[in-house]
Every structure is written in C-alpha cells, then in structure tokens.
Amino acid sequence: MKRVISVVGARPNFMKVAPIHRAFASDPQSWDHRIVHTGQHYDAAMSDAFFRDLEMPHPAYFLGVGGGTHTEQTAKIMLGFEKVCQESQPDYVIVVGDVNSTIACAMVSVKLGIRTAHVEAGLRSFDRTMPEEINRLATDAIVDDLFVTEQSGLDHLLHEGVDPSRVHMVGNTMIDSLHFARQRAEQSGIHAQIGLQRGTYCLVTMHRPSNVDDQDHLRELIGVVGDIALSMPVVFPVHPRTRKNIDAMGLAVPEAVTLLEPAGYIDFLALMTHARVVLTDSGGIQEETTALGVPCITARTSTERPITVSMGTNVLVNPSRDGIMGAFERFLRAEHPVGSLPPLWDGHAAERIVHQIGILLSAS
Ligand code: UD1
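These numbers come from a predicted model, not from an experiment. (Residues numbered from 1 in each chain as written. Predicted model: local features only at pLDDT ≥ 70, side-chain atom pairs only at ≥ 80, totals over all residues. Heavy atoms only, no water.)

Q: Give me the site of the ligand: which residues, what numbers.
A: Around the ligand sit 21 residues, and of these Q40, H41, Y42, E132 and R241 come closest. Separating an oxygen atom of the ligand from a side-chain N or O atom of H41 is a distance of 2.8 Å. Within the side chain of E132, one N or O atom sits 2.7 Å away from an oxygen atom of the ligand. In this structure the site holding the ligand corresponds to the largest pocket. Within the residue set of the shell around the ligand, elements represented by two or more residues are helix 1 (11-25), helix 3 (70-88), helix 5 (131-142) and helix 11 (240-249). Of the residues assigned to the shell around the ligand, the class counts are 6 nonpolar, 8 polar and 7 charged. (Near = heavy atom within 4 Å. Polar contact = N/O pair within 3.5 Å; in protein donor to acceptor, adjacent residues only side chain to side chain. 1 Å grid on protein atoms, 1.4 Å probe; cavity = no way out; pocket = protein on both sides within 12 Å on 5 of 7 lines; lining within 4 Å. Sits in = over half its atoms within 2 Å of the grid points. Helix = DSSP H or I, 4+ residues; strand = E, 2+ residues; numbered from the N terminus. Nonpolar A, V, L, I, M, F, W, Y, C, P; charged D, E, K, R; others polar.)

Okay, here's the thing in structure tokens:
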C-alpha cells in the first residue's frame with residue numbers, strides 16, 4: 001500500500017484533483033490517497049461548493065492559509081505543508097495547475113526527498129509578469145514526474161532540457177471532471193433561476209490581475225461587456241478579486257448585465273454548456289469550452305494552452321475594446337472557429353496518471 005497526497009488550494013485545482021482521487025480510491029488495496037487543502041481559496045463559493053459538486057471527500061488536512069501577499073501566502077502554505085508531510089510520511093506528492101499552492105507544496109516535498117509530480121506540466125504563456133507563469137516554471141524545474149495535457153507542454157519541457165523519461169502525456173484531468181458532471185449539469189436549475197434561455201447568452205468571467213486591477217482598464221472592459229449586452233443577454237459570475245475592485249473603484253456595471261456570485265461547478269458547467277459564446281481571461285475555461293465545442297473569446301495577450309486556439313474553439317484577442325468587439329463581431333458573422341477535441345481529452349486522464357504512478361513507484 002502506497003500513501004499519496006494530492007494538494008488543492010484554489011478554485012481551478014479542485015476539478016483537476018477530483019478525478020485523480022476517484023482513480024486512486026477505486027483501488028483501495030494499493031493506494032491510501034489523501035487530499036490536502038491549503039485554504040488559499042476560503043470562501044464557501046470558491047471552495048466548499050466544489051467539494052460537494054465534484055463529490056470529493058473532506059480533505060484529510062486543511063491548512064487554512066487564507067489571503068495575503070504572494071510571499072505571505074506561499075510561506076504559510078510551506079510551513080503548514082511541511083508539518084503534514086512530516087506527520088503523514090507520504091510516498092508520493094501530486095501538485096496540479098499553476099497557483100501559489102502548487103509551487104509552495106512542490107518546494108516542500110521535493111526538499112524532503114519525497115517523489116513529487118506536477119499535473120498540467122509544461123504549459124507556458126512566456127509572460128513572466130503573470131504569477132502563474134512563475135509558478136509553472138519553478139514547479140516544472142524541481143519535480144520528479146511531469147504529466148502533460150497537450151503537445152506544447154511536451155515540447156516546452158524537452159526544449160528546457162527535461163529528461164524525456166520523466167514526461168508523460170496523459171490528457172487533461174479537468175476534462176475528466178467535465179465528463180463526470182455533465183449529466184448533472186443538465187439538471188441544473190440555474191437558467192430558470194436567473195431567467196435566461198439556454199443557447200441565447202454570452203457568459204463572461206474576468207479575474208486576471210492584468211485585466212481587473214487597473215481602474216481604467218477594468219472600466220473599459222466593463223463598458224465592452226455592456227456593449228455585448230446590446231446584442232444578447234450577458235451573465236457574469238464575478239470573482240472576489242473583480243468584485244472587490246469594482247466596489248473599491250466605484251465602477252457602474254450596465255443594468256443589462258446579470259451579475260452573479262461565483263457559481264458552483266455544476267451550475268457553471270451548465271452556464272458554459274449552453275452559452276452562445278464565452279468571454280473570459282481564465283486558463284481553464286479556454287480548455288472547457290474547447291471540450292464542449294462552445295465558442296470562446298479569451299481577452300489576454302498570451303495563452304499557455306495554445307491547443308485551444310490551434311485545434312479548439314478559442315480565439316485570443318487583445319484585451320481592449322477593439323480586440324474584444326472585433327472578435328465578437330466575427331462571432332456574430334459566424335466566422336468563429338468550429339474546433340475539434342485535442343488528443344486524450346477523453347475523460348480518462350486521471351486513470352492514466354494513477355496507472356503510470358503505479359509503474360514508477362514499483363520500479364523505484
Ligand atoms: C488565484 C490563482 C489563479 C487562479 C485563480 C482562480 C495564484 C497566483 N493565482 O488567483 O491562478 O486562476 O485563483 O480563482 O495562485 N479571495 C476571496 N475569497 C477567496 C479567495 C480569494 O475573497 O476564497 C480574495 C482574496 O482575498 C484577494 C482576491 O480575492 O483579495 C484574489 O485572491 P488571490 O488569492 O490573490 O488570487 P486569485 O486572483 O483568486
């Protein structure tokens with residue numbers, strides 16, 4: 001029996017770890033799998049709802065780190081996670097994604113000599129002003145095993161000199177969660193609750209510091225969202241960072257835009273599945289819309305997930321009025337890419353990861 005710890009911290013981690021937990025839990029003779037929640041995201045809407053929607057067990061450990069500067073948050077996570085590792089003596093640690101919890105826990109486990117894997121390795125935006133890019137680069141530089149979602153991840157790691165025997169193309173565990181929850185999303189009452197017809201609206205999310213921390217820029221983006229609302233209904237579940245900034249800056253959101261609290265996983269999946277078009281700056285939503293075949297406009301200067309553009313339904317646009325409205329008008333003229341499904345985004349990535357970890361641990 002091998003003990004494995006997987007780390008979750010922020011919202012985009014939960015859907016990546018849930019299928020990994022299920023895959024380990026399906027073989028309890030071989031695996032003792034435990035989830036550690038750092039508490040980087042702590043609101044019920046940003047965290048608890050996801051455990052429920054994804055049918056994840058309560059975390060074995062909760063570090064409760066909360067907010068703070070990046071340094072404070074990273075340092076608190078490291079201190080807490082070191083104690084967890086000392087107490088529970090895992091054979092293997094898994095970190096996912098690109099948030100502060102990812103690098104903080106990887107640094108701890110690698111230094112304790114525990115074999116460590118990064119799921120969603122190799123993605124690069126090549127924009128070092130993004131905190132996530134620093135987290136990705138630093139994590140991939142130190143972990144032992146690297147599980148990759150798309151070809152660009154493989155290419156970047158090999159280019160950076162990583163030993164190919166440590167890199168494994170497995171597909172995308174976030175798409176595993178999407179398969180797991182799709183049927184329940186069809187039962188969601190969210191459309192009736194907010195009075196929206198399926199297939200008629202634009203779904204908006206915005207939370208990247210580069211888009212929402214500067215007052216003039218955020219005002220411009222909210223104006224653009226208001227302009228889109230002249231053509232079709234707009235629904236906008238608002239991330240806490242964006243909400244705080246809108247309030248602090250005293251910005252007025254046009255009445256035609258339906259603002260929501262951050263949605264749970266099932267309701268958000270229902271909103272995304274039946275959107276006519278999605279406008280976002282998220283990482284994960286670029287991939288989910290590609291898997292669902294829903295048109296996506298990403299308001300960012302770079303993407304670390306280029307397969308969503310080369311194969312999927314994603315277009316990347318300058319996050320300005322001209323950039324976004326240009327793409328929106330092309331969408332209205334039916335000039336948006338139709339897209340197809342990237343290789344191995346089939347709902348079985350977590351099973352491949354667990355199978356591979358079994359091979360790696362039995363050989364070591
Ligand atoms: C983090 C991740 C980002 C991810 C995003 C998804 C890092 C560096 N960034 O950014 O990659 O896409 O989560 O949500 O790890 N807050 C709450 N409640 C919460 C969480 C945060 O009110 O549950 C507040 C914080 O106090 C802060 C703001 O929201 O004022 C932003 O939180 P922060 O932890 O800085 O990161 P995110 O912007 O959420």
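Still more ground to cover, so stick around.
Q: Lay out the sheet that holds strand 12 (residues 296-299) with the relevant residues and their values.
A: Reading across the sheet, the 6 strands line up as 10-9-8-11-12-13 and stay open at both edges, with parallel pairing between neighbours. Strands with a single pairing partner mark the edges of an open sheet, and in this sheet they are strand 10 (257-260) and strand 13 (314-317). If you compare each strand with its neighbour and ignore which way they point, the axes differ by 20 degrees on average. Sheet topology places strand 8 (residues 202-204) next to strand 11 (residues 277-280); 3 bridges connect them, and they run parallel. The residue bridging V204 from the neighbouring strand is L279, located in strand 11. Strands strand 11, strand 12 and strand 13 of the sheet are contacted by helix 15 (residues 321-332), whose axis makes an angle of about 150 degrees with strand 13. (Pairing = 2+ DSSP bridges. Axes fitted to C-alpha atoms, helices over the stretch in contact; angles between N-to-C directions. Contact = heavy atoms within 4.5 Å.)

Q: Could you give an account of the sheet that holds strand 4 (residues 92-96), with specific residues and numbers?
A: The strand order 3-2-1-4-5-6-7 describes an open sheet built from 7 strands, whose pairing is parallel. Both outer strands of the open sheet, strand 3 (61-62) and strand 7 (167-169), are each paired with one neighbouring strand and no more. Packed on one face of the sheet, helix 4 (residues 100-111) meets strand 1 (2-8), strand 4 and strand 5 (115-119) and runs near 160 degrees to strand 4.

Q: An account of empty space enclosed by the protein is requested, with residue identities and associated values reported.
A: With the rule as written, the count across this model stands at 1 cavity of 30 Å³ or more. Size it by volume and the largest cavity reaches roughly 30 Å³. Considering the residues around the largest cavity, the lining is formed by M206, L218, L221, I222, V225, F236 and T242. By residue number, the principal contributor to the lining of the largest cavity is helix 10 (residues 215-228), which donates 4 residues. Here the lining of the largest cavity is composed, by residue class, of 6 nonpolar, 1 polar and no charged. (Points joined across faces, edges and corners; volume = space filled by probe spheres on them.)

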